[in-house]
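What the coordinates show
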Amino acid sequence: MFPHLAPPILIEAAHQFGTPLYVYHADRIRFQYQSLKQAFSNWDVRFFYAVKALTNLQILRYVDSLGCAVDCSSINEIKLALKAKIACEKILYTSNGINFTEIEEAVTLGVYVNVDSLSALEKFGKRFGDSYPVGIRLRPNIMAGGNLKISTGHAASKFGIPVEQLDQVLALISSYKINVQTLHIHTGSEIKDAEVFVQGIHLLLGIVANFPDVCVINLGGGFKVPYYPNEKGTDIHELGHALATLFTDYQQKTGRQLQVWFEPGKYLVCEAGYLLTTVNVLKENEMLTFAGVDTGLNQLIRPMFYDAYHHIENLTNPLAPVHTYTIVGNICETDTLGANRSMPTIREGDLLSIQNAGAYGFEMASSYNARLRPAEVLYKDGTLQLIRRRETLEDLVQTQESL
Ligand code: LLP
């Protein structure tokens, strides 16, 4: 168990930089990375941080400094990774539905590309033949993930090339002599059951004999982290053990040693992040007591978009008697951040901390209602460092034509 960032540090951050504010704890990211390395130490496994979870350049720099590679989902994420001085050999590009020019640009930038359609594979073959290695993303027909919006491997999913189209994949590889080095699947996010990954391994090991040049099996991201107190995440130790057994067996039977890649996003940064918010207004109606805060769905969309639970603590009145509150944002839609939460008495002006905000928090923020995106702070080596200033009204208008 890794402890939460101590309340006095979060209070100090809010004091120095104001709210709403995202705060990230560097040591927690390091701990998560080390936990992964340890759990999979029985096999040759590499990790690529799925930067879409949190792309702040300082976070990318920090992840790189830990020795972790990165997975990007757009050409701009690649450019951010390069800006963060990450070497192109440590960058993977797993996109979907993009224009082929983005793939060409990624190749020019020297990163490793996964293609996710027959159309892109054919274009890749025509353009690059066997001159540039490539990965293929398959759709494994596995239903997994915390909710349908984040399930990506099932039979109705837009992602990857359906495994049923294997013959067509092989025909393209043979016509254009495409140098396929990795097979990839990503079945979803928040996959609690280690068995889902095991199913994916069985599927890929079952077809890899068709791909003599493949040296890597990429199982994507999706490890679940606990959001509720006392909830369990993916048992990565169980998975590490199962994975080593399956790949050792495969090696013994075929003489072929395959490296494994994972692309964890949430697992690395989710629990490292806190969204700090101040209570503006208390309001009671016949049924509920609302605590209205200075953030909303514009800054953390997960509760509204996925019905996600984020634990909320009252940092400035922790020992007070407990009451039930519905914590709501300040946006002109129902943006409930926490419904019916029993927590210490909330007063106007109290500082609340919304936990598990490191992944897909700031990253999915918008300027809806013309509210400004919050600042981001990294707590590292005992100091609070501003890593993104708060947006200003000028930022909101700078891409518009002046009147
Ligand atoms: N690899 C690929 C190809 C992906 O599409 C994703 C996530 C990941 C890795 C990382 O998955 P993770 O380890 O973070 O679960 N916004 C949603 C999650 C969307 C995930 C999209 N793809 C949320 O807030 O729950």
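Right above here is the structure, for reference.
Here we summarise the structure given alongside this text.

1. As for the packing of aromatic side chains
Counting across every chain of the model gives 20 aromatic pairs. Look at Phe 2 and Phe 31: their rings are 4.9 Å apart centre to centre, the planes differ by 45°, and that puts the pair in the tilted class. Linking Phe 2 in the segment before helix H1 (7-17) with Phe 31 in helix H2 (residues 26-39), this pair joins segments that are 29 residues apart in sequence. What makes Phe 2 buried here is its relative accessible area of 19%. Overall, the relative accessible area of 30% leaves Phe 31 in the partly exposed class. Measuring from ring centre to ring centre gives 4.8 Å for Phe 124 and Phe 128, while their planes differ by 50°; the resulting arrangement is tilted.

2. Overview of the nonpolar core
Membership of the largest hydrophobic core comes to 107 residues, with the highest contact counts inside it found for Phe 40, Tyr 49, Ile 136 and Phe 262. Looking at this core element by element, the count peaks at eight residues for helix H8 (residues 194-207). Looking at which domains feed residues into this core, each of domain 1 (26-268) and domain 2 (270-391) gives three or more. Excluding anything up to four places from it in sequence, Phe 262 contacts Phe 40, Val 45, Arg 46, Phe 47, Phe 48, Phe 197, Asn 218, Leu 219, Gly 220, Phe 223, Leu 239 and Leu 243.

3. Things to note about the side chain of Asn 314
Within the secondary structure, Asn 314 is located in strand E13 (residues 312-314). By relative accessible area, which is 6% here, Asn 314 ends up buried. At a separation of 3.2 Å, a polar atom in the side chain of Asn 314 contacts the main-chain amide nitrogen of Asn 317. Within polar-contact distance, the side chain of Asn 314 engages the backbone oxygen of Pro 344 at 3.5 Å. Apart from residues no more than four positions distant in its own chain, Asn 314 is found in contact with Met 343, Pro 344, Thr 345, Ile 346, Asp 350, Leu 351 and Leu 352.

4. Some remarks on H1
Of the positions making up H1, those classed as buried are Leu 10, Ala 13 and Ala 14. For H1, the angular spread of buried residues about the axis comes to 95°, placing them on one side. Across from the buried face of H1, at angles greater than 90 degrees, the exposed residues are Pro 8 and His 15. On its buried side, H1 packs onto strand E1 (21-25), strand E11 (273-284), strand E16 (351-354) and strand E18 (383-388). One or two steps after H1, the chain reaches Gly 18, where phi turns positive at roughly 80°.

The rules behind the values
- Residues numbered from 1 in each chain as written.
- Predicted model: local features only at pLDDT ≥ 70, side-chain atom pairs only at ≥ 80, totals over all residues.
- Heavy atoms only, no water.
- Phe/Tyr/Trp six-rings, centres within 6.5 Å; stacked < 30°, edge-to-face > 60°.
- Helix = DSSP H or I, 4+ residues; strand = E, 2+ residues; numbered from the N terminus.
- Buried < 20%, exposed > 50% of the residue type's maximum accessible area, 1.4 Å probe, protein only.
- Core = buried A, V, L, I, M, F, W, Y, C linked by side-chain atoms within 4.5 Å.
- Domains from an automatic or database assignment.
- Contact = heavy atoms within 4.5 Å.
- Polar contact = N/O pair within 3.5 Å; in protein donor to acceptor, adjacent residues only side chain to side chain.
- Arc of directions from axis to C-beta.

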